[in-house]
Amino acid sequence: MLYFIGLGLGDAKDITVKGLEIVKQCSRVYLEAYTSILTVGKDALEEYYGRELILADRDMVEQEADEILKGADVSDVAFLVVGDPFGATTHSDLVLRAVNAGIQYRVIHNASIMNAVGCCGLQLYNFGETVSIVFWTDTWRPESFCDKIKKNRDLGMHTLCLLGEGRKIYEPPRFMTVSQAAEQLLEITICVGLARVGAEDQVIRAGTLRQLASCDLGGPLHSMIVTGHLHPLEVDMLRLSAATPDSLQDLRMTDSSTYTS
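With an unreviewed UniProt entry as reference, the protein chain is termed diphthine methyl ester synthase, source organism Hucho hucho. Here is the UniProt Catalytic activity (unreviewed entry) comment for the protein chain, exactly as written: "2-[(3S)-amino-3-carboxypropyl]-L-histidyl-[translation elongation factor 2] + 4 S-adenosyl-L-methionine = diphthine methyl ester-[translation elongation factor 2] + 4 S-adenosyl-L-homocysteine + 3 H(+)". Regarding the protein chain, the UniProt comment filed under Pathway (unreviewed entry) reads as follows: "Protein modification; peptidyl-diphthamide biosynthesis."

Here we look at the overall build of the protein chain
A tally of helices and strands in the protein chain yields 10 helices and 14 strands. Considering the protein chain as a whole, with its 261 residues, one finds that 47% of them fall into the buried category. Pairs at least 24 apart in sequence give 72% of the contacts found in the protein chain among residues at least 6 apart. With an accessible surface of roughly 13,400 Å², the protein chain has 50% of that area assigned to carbon and sulfur atoms.

With respect to the UniProt feature "binding site: S-adenosyl-L-methionine" (unreviewed entry) in the protein chain
Here, UniProt's "binding site: S-adenosyl-L-methionine" (unreviewed entry) annotation points to Leu9, Asp84, Gly87, Ser112, Ile113, Leu163, Val197 and His222. By the element assignment, Leu9 lies in the loop between β1 (2–6) and α1 (17–25). Those residues in contact with Leu9 that lie beyond four places of it in its chain are Asp14, Leu38, Ala111, Ser112, Ile113, Ala116, Val197 and Gly198. The exposure class assigned to Asp84 is buried, which follows from its relative accessible area of 13%. Apart from residues lying up to four places away in sequence, Asp84 is in contact with Gly6, His109, Asn110, Ala111 and Ser112. Here the side chain of Asp84 touches Phe86 through a polar contact of 2.9 Å, landing on its backbone nitrogen.

Description of the sheet that holds strand β7 (residues 159–163)
Strand order across the open sheet formed by 5 strands is β6-β7-β12-β10-β11, with mixed pairing between neighbours. Of all the strands in the sheet, the pair left with one neighbour each is β6 (131–133) and β11 (203–208). Here the strands of the sheet are splayed against their neighbours by 25° on average, with no regard to which way each runs. Looking at chain direction, β7 and strand β12 (residues 222–226) are connected through 4 bridges and run antiparallel. In the strand pairing of β12, Cys161 is matched with Met224. Across the sheet, helix α7 (residues 144–154) lies against β6, β7 and β12, angled at about 140° from β6, the strand it touches most.

About the thresholds
- Residues numbered from 1 in each chain as written.
- Predicted model: local features only at pLDDT ≥ 70, side-chain atom pairs only at ≥ 80, totals over all residues.
- Heavy atoms only, no water.
- UniProt positions renumbered as here; feature names shortened; annotations may be inferred.
- Helix = DSSP H or I, 4+ residues; strand = E, 2+ residues; numbered from the N terminus.
- Buried < 20%, exposed > 50% of the residue type's maximum accessible area, 1.4 Å probe, protein only.
- Contact = heavy atoms within 4.5 Å.
- Areas by Shrake-Rupley, 256 points an atom, 1.4 Å probe, with all protein chains shown as cover.
- Polar contact = N/O pair within 3.5 Å; in protein donor to acceptor, adjacent residues only side chain to side chain.
- Pairing = 2+ DSSP bridges.
- Axes fitted to C-alpha atoms, helices over the stretch in contact; angles between N-to-C directions.

Structure, rendered in structure tokens:
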């Protein structure tokens, strides 16, 4: 069996009991190491799980998938993913490869930013399409995410922005911060910055993009929400994490139950 096991959002202890039991019984355990990171490193996970972990970078998963699948038809192999295994579609290819090779698979779900983002007070069913924001370079400045944000806003929906990793070959990885994303998107609208959701030191800040561009939320991982129409209850919740006392002062009430920026 090939197991896809979600690790949750915080530290080593966020794995489910079911997931940990499976990890301990597997012949090999891979740790997916490119779509996201935990607040602790590989060594801490190995100590808590009591197992050696094999780091699986993008090249291994995309180009050496047969190595991961080897023997999974006669023994148990685990593929560990930060958050939930299918919080993104990145791992669907590995599932299809397993099926085509006649290997059974099973998914052990866990919390991901896609549902934990509700901690900021915005209601999950008011979110539209999620977008990814990548680092701009001098010669590459993609703006397609702006169209999706505008589409969501036209529908009154919030937008969760997943902030990208960027690096050149042979350079250590770097992770985009909320302030960097806000600098690339400076508009007068209310946004929410989130850092290390699920960890004890998680941070939430609500404010305009201009305010968030100068807001330091600490280490990775960061996410950002561009709000759509806001229910009064959502506004009250956002005030709890306002970047400044006047962060939400420019909100307009469009009717008795809706605010917008």
